[in-house]
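# A look at the structure
One letter stands for each residue in the lines below.
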Protein chains: 4
Amino acid sequence: MAYYREEQPGDDSRSKRQQILEAAYTIFSQKGYHRATVDEIIALADTGKGTVYNYFNNKEQLFYTLIRERSQPFETALQQASDADMPTLEKLEAMVRLFLKFYKDNASLWRVMMHEIRGFGSEGLSYVKTETRERYREGFNRTIGLLAKVLQEGIDQRLLKEVNVTHASYAFFSVIVALTFQQFIKDVDASAREVTDIFINGLALK
Amino acid sequence: MAYYREEQPGDDSRSKRQQILEAAYTIFSQKGYHRATVDEIIALADTGKGTVYNYFNNKEQLFYTLIRERSQPFETALQQASDADMPTLEKLEAMVRLFLKFYKDNASLWRVMMHEIRGFGSEGLSYVKTETRERYREGFNRTIGLLAKVLQEGIDQRLLKEVNVTHASYAFFSVIVALTFQQFIKDVDASAREVTDIFINGLALK
Amino acid sequence: MAYYREEQPGDDSRSKRQQILEAAYTIFSQKGYHRATVDEIIALADTGKGTVYNYFNNKEQLFYTLIRERSQPFETALQQASDADMPTLEKLEAMVRLFLKFYKDNASLWRVMMHEIRGFGSEGLSYVKTETRERYREGFNRTIGLLAKVLQEGIDQRLLKEVNVTHASYAFFSVIVALTFQQFIKDVDASAREVTDIFINGLALK
Amino acid sequence: MAYYREEQPGDDSRSKRQQILEAAYTIFSQKGYHRATVDEIIALADTGKGTVYNYFNNKEQLFYTLIRERSQPFETALQQASDADMPTLEKLEAMVRLFLKFYKDNASLWRVMMHEIRGFGSEGLSYVKTETRERYREGFNRTIGLLAKVLQEGIDQRLLKEVNVTHASYAFFSVIVALTFQQFIKDVDASAREVTDIFINGLALK
DNA sequence: GATGAATGAGAATTCATTCAT
DNA sequence: CATGAATGAATTCTCATTCAT
């Protein structure tokens, strides 16, 4: 019935918030948390300074909101993949694929986040309480935990050696992150296969 | 036996510099680069603020000097290990051991360093020029390059598969770093064996 | 022996702090607490912004330090007067004289102080805790309490009616403050006599 | 009996204005002028921010309108009392009663008002010009002037000593204000009698 | 060389006010 | 009229760096 959909009206009000989040994404990714200034963000978002503080309590909360909104779809997808009814090793590869894809897209910001997750709000100088920070840390650990769970499945099925799954999952995870941070990933599917293969079969020639 | 000992004057001046570097190590490790203040450092070093600026041009140079002086012995040792006349896989494990030991001791500061190495001096606001920063990045890449070199040896000797050695060396490296950052390493020797084994032989049960 | 005394050296280091306090006195008196800006204060004190924060934690503490340092000599003098061995009514007049003198000189700032003493630090947004504020309120009440004590003496000696001394002392005090705030006081001695006379003997013609 | 009642439209528009004034009364009384925010006022008034600016030019004018509307009935009543045909001393007591009643009810806001009346519009930063402010100061002085007028009557009738009536009226006024601000007033009638008695007859035992 | 008082550029945050709907 | 999202001027406070002693 409607020949076209008005993009602006609905968008516009959300748009400001969205514009700010997008600008924040860019600036935080480029500069890190501390070197990024609210002035830079509003310049890029083409908005006023007050507007930022209408939508977010402070710089820190802006940062965390950004992280949360970006990670949620990924976390959901990963959860689903880990629950899928599928041969364990294929499932592992699928999860590696999701990780690679997500970190390929968000490498810069996540690098910043992983660094900041430690230091925030040490003192009471911050609106974001230790609990909030803790929540993010947990979210973080949860995704790695999904890897551990699947690795444990592999062990239970006598597919994998009896290694410390926590260590192994962190190892897996760190390799994924390192390759994306180094921008070594071009083809996600191929890389997922490569990474999984090395971890499962090792570097040694049989 | 020694007729004289270098007295305070010489000692003292080196001592001041050393005290500052040691305090800086502690503070930077605890707080990260931005949250660390020169005031905290001098409080811990028990020295005056001007003294810091007698020995170092600015906060950034203090930070980099710290990194350089701490990493040099490690880089030398790693270089020697990589040149050693030894079976390749044993050499690899020896190098992993060196890495683990170094990062276990310096995890906090290196975590900070790896984060800061990106953004410094982007603008002309800094005494530390892009070249300087680049030098550090190179130093960093050089150590990983030593791993790559040994992996290549392994491939040439038909011990290892023909994988991309750059990727593989970064993977190796990232796992080492992740395990130390997570404080998973208790016994360096055992961990070195474990890590090397997984990478060489994989997780799969034969 | 010394023909002249160096004014600067000793003064200079205290001078900055003193300059700031004096400028703060002027600006706070003129504008009140909120309308006064640190920028105005440093402009008048001819100093840098950071210097203010070297000597005082924040604007609030600057304000309270000002109040404390100004009121202390007065409080001491008033205490002594109230303890003096002297006929009660003369003592009362002497105290009124001290009050008038003090408020004549400090009317503006005290007006501000009396207003602000209520609202500060309601939330945890302030370095100055409720206790600190409470301390000032107490100091304030203490001086009025000295009046009450002497009025009670007068009652005990059957010189004065049995009125509520708390009410009466506040009444006394408020008249003193009102007259100074209205700048009605020219000759402190004469006014002290006038005020005391009215309170003791009333307005009625015998 | 009433054929029609002014319906919502008329009501509503006055109601909005009234709601705002009532909320403003509460917030200004609690927080003082500067710490009160328009946001708090509209939250309490349950209205939009723009609405405030439909009825009032700015925060300052809102404040002054509040003062004016609250004080008008009082000023009228006081005027009438001062014109009443009644023995002077009884008239004085009646006026004291009116003052006490008014300040008992409005202590908090008037406390704020008396503080703010000084600094407003010092610079050209404000819509409220010096004249406007001056008008309020005059209104203030006028009420005190009514006291002075009656005191002068008493003097003319040889009931009171020949004191400076301006000083005396301010003294009277300040005592009333002090007692209400200290919340010492429970029974207005009794307090009016007490205050008048002390001023007329003094504290001394005959 | 050592020191620390003085400095001011820079950053986050607040809040009265406007204006398009 | 009523609304509230958008705005930016104004303000406080921090902290690296300088420089006279």
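Criteria and cut-off values
- Residues numbered from 1 in each chain as written.
- Chains lettered and ligands numbered in written order.
- Predicted model: local features only at pLDDT ≥ 70, side-chain atom pairs only at ≥ 80, totals over all residues.
- Heavy atoms only, no water.
- Near = heavy atom within 4 Å.
- Polar contact = N/O pair within 3.5 Å; in protein donor to acceptor, adjacent residues only side chain to side chain.
- Contact = heavy atoms within 4.5 Å.
- Buried area = accessible area lost by both parts, 1.4 Å probe.
- Salt bridge = Lys/Arg side-chain N within 4 Å of Asp/Glu carboxyl O.
- Least-squares fit on C-alpha atoms with pLDDT ≥ 70 in both.
- Helix = DSSP H or I, 4+ residues; strand = E, 2+ residues; numbered from the N terminus.
- Expected span 1.5 Å × (residues − 1).
- Buried < 20%, exposed > 50% of the residue type's maximum accessible area, 1.4 Å probe, protein only.
- Domains from an automatic or database assignment.
- Nonpolar A, V, L, I, M, F, W, Y, C, P; charged D, E, K, R; others polar.
- Lys, Arg positive; Asp, Glu negative; His and termini not counted.
- Arc of directions from axis to C-beta.

### Remarks on the protein's contact with DNA strand F
Taken together, 35 residues lie around DNA strand F, and Lys-16, Thr-47, Gly-50 and Tyr-55 of chain A together with Lys-49 of chain C are the ones closest in. The sugar-phosphate backbone supplies 59% of the atoms of DNA strand F found within 4 Å of the protein. Here a phosphate oxygen of DNA strand F and a side-chain polar atom of Tyr-53 of chain C are 2.9 Å apart. In this structure, Thr-51 of chain D approaches DNA strand F through a side-chain N or O atom, which is 2.9 Å from a phosphate oxygen.

### Some details on the interface of chain C and chain D
Much of the literature gives interface size as the accessible area that the parts lose upon coming together. Every contact between the two is made by 39 residues of chain C and, on the other side, 42 residues of chain D. Of the roughly 3900 Å² buried between chain C and chain D, counting both surfaces, carbon and sulfur atoms make up 61%. In this assembly, chain C and chain D are joined by two salt bridges. Applying the counting criterion to the chain C and chain D interface returns six residue pairs in polar contact (both at pLDDT 80 or more).

### Examining the relation of the copies chain B and chain A
The two copies are related by a screw motion: chain B maps onto chain A through a turn of 179° and a shift of 0.0 Å along the axis, at an RMSD of 0.3 Å. Look at the turn and shift together and you get a two-fold axis relating the two. Closest to the rotation axis within chain B is the C-alpha of Gly-202 of chain B, separated from it by 1.6 Å. A shared binding surface is used by both copies, with 90% of the interface residues of chain B retained as interface residues in chain A.

### Topic: helix α7 (residues 165-181) of chain D
Since there are 3.6 residues in each turn of an α-helix, residues three or four apart along the chain are aligned in direction. Residues and elements named next belong to chain D. The terminal C-alpha atoms of α7, which comprises 17 residues, lie 24 Å apart, in line with the 24 Å expected from a rise of 1.5 Å per residue. Extensive coverage of α7 is indicated by the burial of 16 of its 17 residues. N-capping of α7 is provided by Asn-164, with a side-chain oxygen placed 2.9 Å from the backbone N of Thr-166. Positive phi shows up at Gln-183, right after α7, with a value of about 55°.

### Observations regarding the domain arrangement of chain A
All names here are of chain A. The assigned domain composition of chain A is domain 1 (8-55) and domain 2 (67-201). Listed by partner, the interface residues are nine residues for domain 1 and nine residues for domain 2. In terms of surface lost to domain 2, no three residues of domain 1 exceed Tyr-25, Ser-29 and Tyr-33, which account for 65% of the buried area on that side. Ionic pairing is found between Glu-69 and Arg-17, a salt bridge with its closest N-O pair at 2.9 Å. Connecting domain 1 to domain 2 are three residue pairs in polar contact (both at pLDDT 80 or more). Broken down by class, the residue content of the side of domain 1 that touches domain 2 amounts to four nonpolar, three polar and two charged.

### Here's the deal with the protein's contact with DNA strand E
Near DNA strand E lie 33 residues; those nearest to it are Thr-47 of chain B together with Lys-16, Thr-47, Gly-50 and Tyr-55 of chain C. When atoms of DNA strand E within 4 Å of the protein are sorted by moiety, sugar and phosphate together comprise 61%. Residues of the surface near DNA strand E, tallied by class, amount to ten nonpolar, 15 polar and eight charged.

### A few points about the relation of the copies chain C and chain D
Between chain C and chain D, the superposition needs a rotation of 179° and an axial shift of 0.0 Å, giving an RMSD of 0.3 Å. A share of 97% of the interface residues of chain C reappears at the interface of chain D, consistent with the copies meeting face to face through the same patch.

### Considering the side chain of Lys-59 of chain A
Residues and elements named next belong to chain A. Topologically, Lys-59 is positioned in helix α4 (residues 59-83). An unpaired buried charge is present at Lys-59: no salt bridge exists, and Glu-40, the closest side chain of opposite charge, is 7.7 Å distant. Within polar-contact distance, the side chain of Lys-59 engages the backbone oxygen of Tyr-33 at 3.0 Å.

### A look at helix α2 (residues 38-45) of chain A
All names here are of chain A. For α2, every residue scored as buried is listed here: Val-38, Ile-41, Ile-42 and Ala-45. Relative to the axis of α2, the buried residues are bounded by an arc of 95° and lie together on one face. Two residues or fewer after α2 comes Asp-46, characterised by a positive phi angle close to 55°.

### Points about the interface of chain B and chain A
The interface of chain B with chain A comprises 42 residues on the first partner and 39 residues on the second. Across the chain B-chain A interface, the total number found is two salt bridges. Close ionic contact of Asp-197 of chain A with Lys-161 of chain B constitutes a salt bridge, the shortest N to O distance being 3.4 Å. At the surface where chain B touches chain A, the tally comes to six residue pairs in polar contact (both at pLDDT 80 or more). Of all the secondary structure elements, the ones that give two or more residues to the side of chain B that touches chain A are α1 (8-35), α5 (88-119), α7 (165-181) and α8 (188-201) of chain B. Within the side of chain B that touches chain A, the residues separate by chemical class into 21 nonpolar, twelve polar and nine charged.

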